[in-house]
Amino acid sequence: MPAKPAAGPGSSSARGTSEPARSIKAQCCIVGGGPAGMMLGYLLARAGVDTVVLEKHADFLRDFRGDTVHPSTMQVLDELGLLGEFLKRPHDKLDHLQGHFGDDTVSLADFRRLSIKTPYIAFMPQWEFLDFLFDAGARYPNLKVLRRTEALDLMREGETVTGVIAKSEEGRLEIKAALTVGCDGRHSVVRECAGLSIEDIGAPIDVLWFRITKNPAEKDRALMNAQPGRILVTIDRGDYWQCAYVIPKGQTEQVKSRGLEQFRSDIVATAPRLAAHIGEVKSWDDVKLLTVTIDRLTRWSKPGVLCIGDAAHAMSPIGGVGINLAIQDAVATANLLADKFSNGCPEESLLDQVRQRRMFPVKVTQALQIQMQNRIIDRALQGGPLRAPAFMKIITRSPWLQSIVARVLGIGIRPEHVTSKAAAIT
Ligand SMILES: Cc1cc2nc3c(=O)[nH]c(=O)nc-3n(C[C@H](O)[C@H](O)[C@H](O)COP(=O)(O)OP(=O)(O)OC[C@H]3O[C@@H](n4cnc5c(N)ncnc54)[C@H](O)[C@@H]3O)c2cc1C
């Protein structure tokens, strides 16, 4: 895929500078090369839409950002004929979900009971997944991914958004586009510049992330480890545990003020199997803070502009569903809009159909995350004697209920299937 924009004369300037901008044209300009942006770019280019994706970073190798690829996403890849290639990339599998709650061990979801091609969650580093989507898109000459290119502002004619003003290594760049799609994540510039209002649902937790080497002989693969006052999620990544230590919102400094030794001993008390390698957390630099946010836009579009993925609805990491919702949004957007570019920008009523289609799964998923926060996480963080809640014990006793939980988690609410048509490659 060409990485450089075709330079040309430009007319306007970004946020008050007078530097002349180079200019390119596309039918669709996608801001953000995360899961939503890369998948939408692929799908629109596949359908014959001239598409540019802007990504502010030089590559996909960034901080840990979650790496759960759920069965719903693999179904989409299968529908696109990409599943075989995807599975060749390095990944680990999680086919059932267990947790320790005080002294109780619970089994919550069993993906093996789903009659689908890939009955498991694939753990693939997000950069690997994005690199895979980038490579898959390379077959379409009408898809350009411009890296090191950061959107700064939107261009407008009257009330209609007509493209993006960006900065690249070569300087200012205008991308004139019939439709601009904000896939630029939870701190979206597109949604801010478009003036789309956010409903903040609130999340009372933050998460500290770190990794610890895994003992190869370890049999206990429990994901959730809850003890009075502490919750630790341990994701089995083959030779290491990706760990998420859940703390009440805004309490990072309190945790740090108790000292690293206390932090390490809290971790080991929550998951004793980490004891042998806990010394790998040598300083606070080894521990990264994720500020958890749950929000959503009330309106996802205005004339000429649409937001999807985290830009339209930031998800809590509970359930590891953010990547998959972003992919589902991209599929729904392409299904609804890919063949509507022949007369310029699809009408706003059509753009709004994306929100109408996707708001229900977003709301239900966020509501489930909030229930998990209030009923399980809050309860554990309060301290005091801890037993598994009754509903977890009921699920543990019922393989059928474990398959229902697996379906909700792995396939999600109102799963999307690819219906947008592939155009002939010219
Ligand atoms: C620490 C952490 C752990 C997580 N764990 C999980 C997990 O285990 N499973 C899961 O499913 N989800 C997880 N999530 C959530 C998940 O990462 C997001 O829900 C998902 O990535 C959303 O995809 P997206 O494409 O909408 O946005 P993002 O992944 O946020 O992608 C946005 C992209 O836009 C780019 N960008 C931003 N601004 C601009 C700009 N102005 N110009 C150009 N480019 C721009 C960014 O560089 C980025 O590449 C986690 C998130 C974090 C932060």
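Just so it is clear, the model here is predicted, and its values are computed rather than measured.

Student: Hey, could you go over the overall build of the protein chain for me, with residue numbers and the actual values?
Tutor: Of the regular secondary structure elements, the protein chain holds eleven helices and 20 strands. In terms of overall size, the protein chain behaves like a compact globule, its C-alpha atoms giving a radius of gyration of 22 Å where 426 residues would be expected to give roughly 22 Å. Its C-alpha atoms put the protein chain at 65 × 50 × 35 Å along the principal axes. For the protein chain, the residues scored as buried account for 47% of the 426 residues in total.

Student: Describe the site of the ligand, and please don't skip the residues or the numbers.
Tutor: Neighbouring the ligand are 35 residues, the closest being Gly-34, Gly-66, Gly-185, Gly-309 and Gly-322. The leading source of residues in the shell around the ligand is helix H8 (residues 322–337), at four residues. Along the lines of polarity and charge, the residues of the shell around the ligand split into 16 nonpolar, twelve polar and seven charged.

Student: How would you explain the pairing of strand S15 (residues 230–236) if you had to name every residue and give the values?
Tutor: Burial runs high along S15: five of the seven residues are buried. With four bridges connecting them, strand S14 (residues 224–227) and S15 associate as antiparallel partners. Of the residues in S15, the one forming a bridge with Met-224 is Val-233. Between S14 and the antiparallel strand that follows it, S15, lie two residues; Gly-229 among them carries a positive phi value of about 85°. When S15 meets strand S16 (residues 240–248), the two strands line up antiparallel, connected through six bridges. When the bridges of S16 are listed, Asp-236 appears paired with Trp-241. The antiparallel hairpin formed by S15 and S16 contains three residues in its connecting segment, where Gly-238 sits at a positive phi of about 80°.

Student: Just give me the short version of the nonpolar core, but keep the residues and values in it.
Tutor: Formed by 124 residues in total, the largest nonpolar core has its most connected members in Val-164 and Ile-308. Take this core: its biggest share by element is ten residues, from H8. A domain split of this core shows at least three residues from each of domain 1 (22–64 + 126–200 + 294–371) and domain 2 (205–291). Ignoring any residue separated from it by four or fewer positions in sequence, one finds Ile-308 in contact with Ala-36, Val-181, Cys-183, Trp-300, Asp-329, Ala-330, Thr-333 and Val-354.

Student: Could you give me a rundown of the sheet that holds strand S3 (residues 68–69), with the residues and numbers involved?
Tutor: The three strands are arranged S3-S7-S4 in an open sheet whose pairing can be described as antiparallel. For this open sheet the edge positions go to S3 and strand S4 (92–94), each flanked by a neighbour on one side alone. For S3 and strand S7 (residues 121–123), the ladder comprises two bridges, and the chain directions are antiparallel. Each residue of the ladder has a partner; that of Thr-68, found in S7, is Phe-123.

Student: I'd love a proper account of the packing of helix H1 (residues 35–46) against helix H4 (residues 126–137), names of residues and values included.
Tutor: Packing of H1 against H4 brings their axes to within 10 Å, and their N-to-C directions diverge by 15°. Relative to H4, the element H1 lies roughly parallel. H4 is crossed by H1, and the crossing has left-handed handedness. Where H1 abuts H4, its residues Pro-35, Met-38, Met-39, Gly-41, Tyr-42 and Ala-45 lie against Leu-130, Leu-133, Phe-134, Ala-136 and Gly-137. A per-class count over the contact of H1 with H4 returns nine nonpolar, two polar and no charged.

Student: Describe in detail H8, supporting the description with residues and values.
Tutor: Its 16 residues place the ends of H8 22 Å apart at the C-alpha level, agreeing with the 22 Å of an ideal helix rising 1.5 Å per residue. In terms of residue burial, H8 counts as a mostly covered element, since 16 of its 16 residues are buried.

Student: Mind laying out the sheet that holds strand S5 (residues 96–101), listing which residues take part and the relevant values?
Tutor: Ordered in space as S6-S5-S14-S15-S16-S13-S17, the seven strands form an open sheet in which the pairing is mixed. Each edge of the sheet is formed by a strand with only one pairing partner; in this case those strands are strand S6 (104–110) and strand S17 (288–291). For this sheet, the mean angle separating the axes of adjacent strands, direction not counted, is 20°. Alignment of S5 against S6, held across six bridges, turns out to be antiparallel. For Leu-97, the partnering residue across the bridge sits in S6 and is Ala-109.

Student: For the packing of helix H2 (residues 71–79) against H8, give the residues involved together with the corresponding values.
Tutor: Here H2 crosses H8 at 35°, and the two axes come no closer than 9 Å. For H2 against H8, the interelement crossing comes out left-handed. Residue-level contacts link Ser-72, Thr-73 and Val-76 of H2 to Asn-324, Ile-327, Gln-328 and Val-331 of H8.

Student: Just give me the short version of the environment of Ala-330, but keep the residues and values in it.
Tutor: You can see Ala-330 is positioned in helix H8. Note on Ala-330: 29 C-beta atoms within 10 Å, which makes it buried. Separated by 241 residues in sequence, Ala-330 and Arg-89 place their C-alpha atoms 22 Å apart. If we ignore the near neighbours within four places in the chain, the residues touching Ala-330 are Ala-36, Met-39, Leu-40, Leu-43 and Ile-308.

Student: Go over the pairing of strand S1 (residues 22–31) with me, naming the residues and quoting the values.
Tutor: In terms of burial, S1 is largely enclosed, as seven of its ten residues are buried. Sheet topology places S1 next to strand S11 (residues 171–182); nine bridges connect them, and they run parallel. Following the sheet pairing, Ile-30 is matched in S11 by Val-181. Two elements, S1 and strand S2 (residues 51–54), share four bridges in a ladder whose sense is parallel.

Rules behind the numbers
Residues numbered from 1 in each chain as written. Predicted model: local features only at pLDDT ≥ 70, side-chain atom pairs only at ≥ 80, totals over all residues. Helix = DSSP H or I, 4+ residues; strand = E, 2+ residues; numbered from the N terminus. Rg over C-alpha atoms; globule rule 2.2 N^0.38 Å. Buried ≥ 20, exposed ≤ 12 C-beta atoms within 10 Å, placed from the backbone. Near = placed C-beta within 6 Å. Nonpolar A, V, L, I, M, F, W, Y, C, P; charged D, E, K, R; others polar. Pairing = 2+ DSSP bridges. Core = buried A, V, L, I, M, F, W, Y, C linked by C-beta atoms within 7 Å. Domains from an automatic or database assignment. Contact = placed C-beta atoms within 7 Å. Axes fitted to C-alpha atoms, helices over the stretch in contact; angles between N-to-C directions. Parallel < 35°, antiparallel > 145°, perpendicular 65-115°, else oblique. Left-handed = near helix turned anticlockwise from the far one by under 90°. Expected span 1.5 Å × (residues − 1).

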